[in-house]
Structure formats: structure tokens, C-alpha cells
Amino acid sequence: MNKKQLVKKLNSQKGITGADVAIALLIILTAIGVIAMIYVNLVIGSREVNRKGGATRIATNIIENLSQIYYDEIAKQLQDLVQEKQAEQTDNRFVISGKRGIKAFKTSIPKGYTVEIALEDAGEYDVVKKATITVKYKVDGQEQKIDFSKVLTREVVRECNSPKFEPIYISQMTTENWELYTQNSKDAYDIKIICPIQYDTALEAYQVVTDTDSLWYSYANKQWARALVLNPEEVEHITPEMVTGENSYVWIPRFGVEEGGELFGNTYFKYKTTDYAILNSQNATQTNLFYNYIDNHKHWSDKIDFEEGLAGKWCRYAELSDSQKQTLAYSLNQSQYGPMLEY
């Protein structure tokens, strides 16, 4: 095609037609629609991720906090929420609608979230529960939810705090170098031996307890935990004089007297280093089955004063009868757990 023919062909074009404009607009609108759809989906997806993350945080926080409080306290806190009209109860399910200021087990529940906590007995006796946490929320008008479950076990609570043999407690008996009794203690040198003792009815004599993890005492039966501070050469020859001498000690578990009550009948042991009372209960289905549990609703008189943070105290044997000083040992010995059984 020569130059003249090209110019002639170009001059013959009629320009942009209506069809061309329509096609172009259709392409542009289609592209805008696709872009808008992608944007909306991204926004919804981002919102769903954020909402699901919030729901997961709420559920995991509640689960973690359930594990850190006492077994009996869980149901009590849920009942408190019901009493305060912050939760609704249906059988064993508790529903909490989120809003400003609402908390469950130290976890804030914001507006837009609903938390359902279900407690289910997981065994024949009230020692194990299954807690299911369901958090519901909406994304673009559609309800979503997540579920978390955890098995909660009642604390193993003994009748009282077990005797302690850590340095902070041994310092109540001696300030010298010491070691807890072993079979080689008789060969030790220049050291005090801490000897837990228990009366052996077969031998009719006190013997050293070698397994302090076992229940070698029973305060309910007035058989208190006892210990001697001896020289190495004395550990294999425990005499009655040692058992009642100045180096003889009794373990006084942390305890208190209920406000307005008397030593005899209103004395309760306390759980670990807290002011929670250790109580016992009879199982409803098996009347011969007892278990211990903790209760934080006791109010205490100021008759008994334990050092803060201690589970108990080693007191000298002589303090059991010291009516003038009214020591911890004397007070417990006047309660329903005394007088301490002696042989």
C-alpha cells in the first residue's frame, strides 16, 4: 500500500461509534465490579479474622483462669454473675452477653460477643468437671462461634497442711547446719539431724519416719506430726526423754478460729498459705465416703496469728502446756484436735 492509498483509507474512517463506547463502558464497569467484589471480600475476611481472634482470646483467657482458681470457686463465681444479673442460667449453662464492664473469670467480654460456659460432671463423684467455653459473634450478619473444652479436677486437699522441711521452717527449730534424716545420718559430722518421728505400736517406741510424703500423722485422730533435732550419734537411740525434751517439736498446721466461735469446735485448718478453710463433707451417694474441700467464706477471729505466707510452724513440745503464753501449740491443743495423743 502506497502513501496515497494509506491517506485515503484513513480519511474514510468514521471515528468512534456508539458500539465502541458501549463495549468500553461494559469493560470498565465489569472491572470496577470485580475490584469492588475483591475489596468487599477482603474487608469481610479481615473482619472475620479480627472477630475470630477476639473470640479465641476470650475463650483461652477464661480457660486459663479457670485452671488457676479453686475447684469449688468456679460454680460460686458463676452464681455470683447470675445474682448480679450479668449472666443467665439454664441448668448447667451460663450465658453472658458482652458489654462494657462485663467480666467473667477476670476476662473482659466486649459488646458483640456472647459467652456460654457449660459445666458437666465428668465422673460419678464431684471431683472432676468438664468445662466447655463457647464464644459466639457475628460477621456480616452471619453468626459464627468457637468452642474450647477443659477437664477440671478438684484439688487434692488433705485434712491440714503437711509438715514442711524447707529451710524457712527448719529455722524455727535450729539455726545450725542441718540435714533431714537418712540411713547415713549416724555417720554425719558437726551437723544437726532433723528426725520426723512416729509411734510404732508394735515396737512400743518412737521410730524415725523415713517417708515423709506418706500420711504418718492424723490430726483428726490427735496423732500430730512430730520431729526431733538430734546429734548424729543420737539418731539410732531415741529415748522417751528426747521425745519430751527441749529438742522435741510438733508441727502446727496453719489454722484459725471462726469469728465468734470457741477454740473447741470452731477451729479449722487453713489451705496452704491462704485464709481458706479446709472443710470435710460426706458424699451424698456413699455415706462412708468423705472428702476435703476448701471454703473462702469463713470469717476469722484475731485469736490466732500466723506469720503471713507460712503453711504452719514447728513449735517446741513444751509449748503444748504453756497456758501463760497461749502459744499456737497450746491453742491447737485446746481445740477439737487436742489434746495431742502421747504414749
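The following paragraphs examine the structure supplied in this document.

The rules behind the values
Along each chain, numbering runs from 1 in the same order as the chain's sequence is written. For this predicted model, a pLDDT threshold of at least 70 governs which residues receive local features, and a threshold of 80 or more governs which side-chain atom pairs are given and counted, while totals over whole chains, interfaces and linings are taken from all residues. Each side-chain value is derived from all of the structure's non-hydrogen atoms; neither hydrogens nor water enter the calculation. Here is the rule: rings of Phe, Tyr and Trp (six-membered ring for Trp) pair when centre to centre is within 6.5 Å. Planes less than 30 degrees apart are stacked, more than 60 are edge-to-face, and the remainder are tilted. The helix and strand labels rest on DSSP assignments: H or I over at least four residues marks a helix, E over at least two residues marks a strand, and numbering proceeds from the N terminus. Strands pair, by our definition, only if DSSP identifies at least two bridges between them. To obtain an axis, a line is fitted to C-alpha atoms, over the contacting stretch when the element is a helix, and the angle between two such axes runs from 0 to 180 degrees between their N-to-C directions. Residue contacts are defined here by distance: any two heavy atoms, one from each residue, within 4.5 Å place the two residues in contact. Remark: exposure states derive from per-residue accessible area (1.4 Å probe, protein chains only) relative to the maximum for the residue type, with buried under 20%, exposed over 50%, and partly exposed in between. Polar contact criterion, stated in full: a pair of N or O atoms within 3.5 Å, where within protein one must be able to donate a hydrogen and the other to accept it, and residues adjacent in sequence count only if both atoms are side-chain atoms. Put simply, buried Ala, Val, Leu, Ile, Met, Phe, Trp, Tyr and Cys residues joined by side-chain atoms within 4.5 Å make one nonpolar core.

**Describing the packing of aromatic side chains**
For the coordinates displayed, the defined rule picks out 16 aromatic pairs. When the ring of Trp-216 is compared with that of Tyr-217, the centres are 5.7 Å apart and the planes differ by 85°; the resulting orientation is edge-to-face. Ring geometry for Trp-251 versus Trp-314: centroids 5.3 Å apart, planes at 55°, classification tilted. Taken together, the residues span a long stretch of sequence, with Trp-251 in strand E12 (residues 248-253) and Trp-314 in strand E17 (residues 312-316) at a distance of 63 residues. Connected via pairs of aromatic rings, a cluster forms that spans Trp-216, Tyr-217, Tyr-219, Trp-224, Phe-269 and Tyr-337.

**Focus: the sheet that holds strand E6 (residues 128-139)**
Neighbouring strands of a sheet are bound in pairs by backbone hydrogen bonds; such pairs are parallel or else antiparallel. Read from one edge of the open sheet, 5 strands run E1-E2-E5-E6-E7, paired in antiparallel fashion. Each edge of the open sheet carries a strand with a single partner, namely strand E1 (88-90) and strand E7 (142-153). Going across the sheet, the axis of each strand differs from the next one's by a mean of 20°, ignoring polarity. Sheet topology places strand E2 (residues 93-97) next to strand E5 (residues 114-121); 5 bridges connect them, and they run antiparallel. Of the residues in E5, the one forming a bridge with Val-95 is Glu-116. Against the sheet, helix H3 (residues 71-83) contacts E1, E2, E5, E6 and E7, and its axis sits at roughly 50° relative to E2.

**Focus on the side chain of Lys-129**
Within the secondary structure, Lys-129 is located in strand E6. According to the relative accessible area criterion, Lys-129 is buried, its value standing at 18%. Reaching out from Lys-129, the side chain makes a polar contact with the side chain of Asp-121 at a distance of 2.9 Å. Among all residues touching Lys-129, those that are not within four sequence positions of it are Tyr-71, Glu-120, Asp-121, Ala-122, Lys-150, Val-151 and Leu-152.

**Describing the nonpolar core**
Counting 39 residues, the largest nonpolar core has Tyr-219 and Ile-252 as the members making the most contacts within it. Elements with a minimum of two residues in this core: helix H4 (167-170), strand E11 (226-230), E12, strand E13 (255-257), E17 and helix H6 (328-333). With 4 residues, the top contributor of residues to this core is E12. Discounting chain neighbours no more than four positions away, the residues touching Ile-252 are Trp-224, Phe-306, Gly-312, Lys-313, Cys-315, Leu-328, Ala-329 and Leu-332. Counting residues in each nonpolar core, the second largest holds 27 residues, with Ile-96, Ile-102, Phe-105 and Val-139 among its members.

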